[in-house]
Amino acid sequence: MSGAAFALRNRLATGEPLVFPWVGTPGAQLAGQIARLDFDAVALDLQHSTIDMGEAAQMVAAINAVGKPAILRVRWNDPGIVNSALDMGAACVIAPMTNSVEQVKALVKAAKYPPLGQRSWGGYTMLQSAGVAAGDYLKQANHETLVMAMIETQEALDHVDAIAAVPGLDGLFVGPSDLSIALSNGAKIDRLGQGTLNAMKKVSAAAKAHGRVAAAFAGTADGVKAYTEIGFTFMAGPTDTELLRGGTDAFWGKMKG
Ligand code: 3PY
Ligand code: MG
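We now turn to the structure provided with this report. Sequence order sets the numbering: in each chain, residues are counted from 1 along the sequence as written. To label them, take the chains in the order written and letter them from A, then take the ligands in the order written and number them from 1. Under the rules for a predicted model, residues below a pLDDT of 70 receive no local features and side-chain atom pairs below 80 are neither given nor counted, while totals for whole chains, interfaces and linings still include all residues. Neither water nor hydrogens contribute to the side-chain values; these are computed over all heavy atoms in the structure.

## Comments concerning the overall build of the protein chain
Note the following rule: A run of H or I in DSSP counts as a helix once it spans at least four residues, and a run of E counts as a strand once it spans at least two, with each numbered from the N terminus. Every radius of gyration here is taken over C-alpha atoms, with the globule rule written as 2.2 Å times N^0.38, N being the number of residues. A 1.4 Å probe rolled over the protein chains alone gives each residue an accessible area, and that area as a share of the maximum for its type sets the label: buried under 20%, exposed over 50%, partly exposed in between. Only the protein chains shown count as covering a residue, and every accessible area follows the Shrake-Rupley method with a 1.4 Å probe.
A tally of helices and strands in the protein chain yields 13 helices and eight strands. Expected size for 257 residues packed as a compact globule is a radius of gyration near 18 Å; at 17 Å, the protein chain falls within 12% of this value. For the C-alpha atoms alone, the extent of the protein chain along its principal axes is close to 50 × 45 × 35 Å. Taking all 257 residues of the protein chain together, the buried fraction comes to 51%. Accessible surface for the protein chain amounts to roughly 11200 Å². Of this, 56% is attributable to carbon and sulfur atoms.

## Some words on the sheet that holds strand β5 (residues 146–151)
For clarity, the cut-off: For two strands to be treated as a pair, DSSP must find at least two bridges joining them. For helices, the fitted axis covers only the stretch in contact; all axes are lines through C-alpha atoms, and the angles between them, taken along N-to-C directions, range from 0 to 180 degrees. Every residue pair with non-hydrogen atoms within 4.5 Å of one another is taken to be in contact.
Strand order in the closed barrel formed by eight strands is β1-β2-β3-β4-β5-β6-β7-β8, with parallel pairing between adjacent strands. Strand after strand, the sheet turns through a mean of 25° between neighbouring axes, direction not considered. Pairing between strand β1 (residues 18–23) and strand β8 (residues 234–239): four bridges, direction parallel. Within β8, the residue paired with Leu18 across the bridge is Phe234. Across the sheet, helix α5 (residues 101–111) is in contact with β4 (92–95) and β5; its angle to β5 comes to roughly 160°.

## Some points on the site of ligand 1
Put simply, the test is: Any residue with at least one heavy atom within 4 Å of a molecule or strand is counted as near it. Here a polar contact is recorded for every N or O atom pair within 3.5 Å, except that within protein the pair must consist of a potential hydrogen donor and a potential acceptor, and residues adjacent in sequence are included only if both atoms are side-chain atoms.
Close contacts around ligand 1 come from Arg73, Met150, Glu152, Gly175, Pro176, Ser177, Asp178 and Phe217, and that covers them all. Gly175 places a main-chain nitrogen or oxygen 3.5 Å from an oxygen atom of ligand 1. Here Ser177 contributes a backbone N or O atom positioned 2.8 Å from an oxygen atom of ligand 1. Coverage of ligand 1 by the protein amounts to 92% of the 230 Å² it exposes when considered alone. The leading source of residues in the shell around ligand 1 is helix α10 (residues 176–183), at three residues.

## Remarks on helix α4 (residues 79–87)
Inspection of α4 places Val82, Asn83, Ala85, Leu86 and Asp87 among the buried residues, and these make up the whole buried set. In the stretch just after α4, Gly89 is the one whose phi turns positive, near 105°.

## A look at the coordination of the magnesium ion (ligand 2)
Convention followed: Metal donors were taken as nitrogen, oxygen and sulfur atoms no farther than 2.8 Å from the ion, or 3.2 Å where the ion is Na, K or Ca. Water is excluded, so coordination may look unfinished.
Within the protein, the atoms that donate to the magnesium ion (ligand 2) are Glu152 (OE) and Asp178 (OD), at distances of 2.1 to 2.2 Å. Of this pair, Glu152 sits in the loop between β5 and α8 (154–158) while Asp178 sits in helix α10; the two residues are 26 residues apart in sequence, bridging distant segments of the chain. Residue classification places Glu152 among the buried positions, given a relative accessible area of 2%.

## Notes on the packing of aromatic side chains
Threshold: Ring geometry is summarised as follows: Phe, Tyr and Trp rings, the Trp one being its six-membered ring, pair when their centres sit within 6.5 Å, and such pairs are stacked at plane angles under 30 degrees, edge-to-face over 60 and tilted between the two.
By the definition in use, this model includes nine aromatic pairs. Residues Trp22 and Phe217 carry aromatic rings whose centres are separated by 5.4 Å and whose planes lie at 65° to one another, so their mutual orientation is edge-to-face. Remark: Phe217 occurs in strand β7 (residues 213–217) and Trp22 occurs in strand β1; sequence separation between them is 195 residues. For Phe217, a relative accessible area of 13% corresponds to the buried category. Joined through ring pairs, the aromatic side chains of Phe6, Tyr113, Trp121 and Tyr137 make up one cluster.

Function-wise, these values are silent; they only describe arrangement.
As structure tokens, this is what we get:
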């Protein structure tokens, strides 16, 4: 496999939080530019964006060409989509709204080759356009690629320990916006509220107990700091639009300063 583009597991083993931008704007040129910024990986959000699978393949190739791992939050927990996301060279697939042990077993089945699952072999064109040598890939993919189940509903929270125990699963990825909407019965998005943080502590404890990665969408530096304190080590930091806004704010700050 092409080393650096699949370095997530080794990088996580250092214990240092791994923070990456969360990109929702389609386009390989932008993805390549973001991959050159000071982050260890780049995530593409295919659930809440108009990035389609063809565009995603180009974007993953552009990220991998810089030697960075690509993380894909796919549109849904569908085996065909999960298969394609990995075939295009993603180092990590995150599936939304996974609420039960059965759904997470299906996710792992799609994402891992035997003996852990039933991922189908193929994707020569996509793998090679991402710079991946197919021969090495079969031997290393189960270990080098990560599959994460999103915990973002009350139902998932209720089952979080059993979900974390599903063999072959690599991580629990909290969606704190949906989770806080669920916990407040639709009243609010409260990613740093005490109720949300308490629920997230339950997730990080389940991840730790089963040797899984505790992961989350943080969105801001304050979010990354707060989630790091409660045991999270793999987090989405700024979105692509926040990176643009931050650059603009820095520019006007210097102009005024
Ligand atoms: C959530 O917070 O619900 C997410 O899915 C991350 O954007
Ligand atoms: Mg969500």
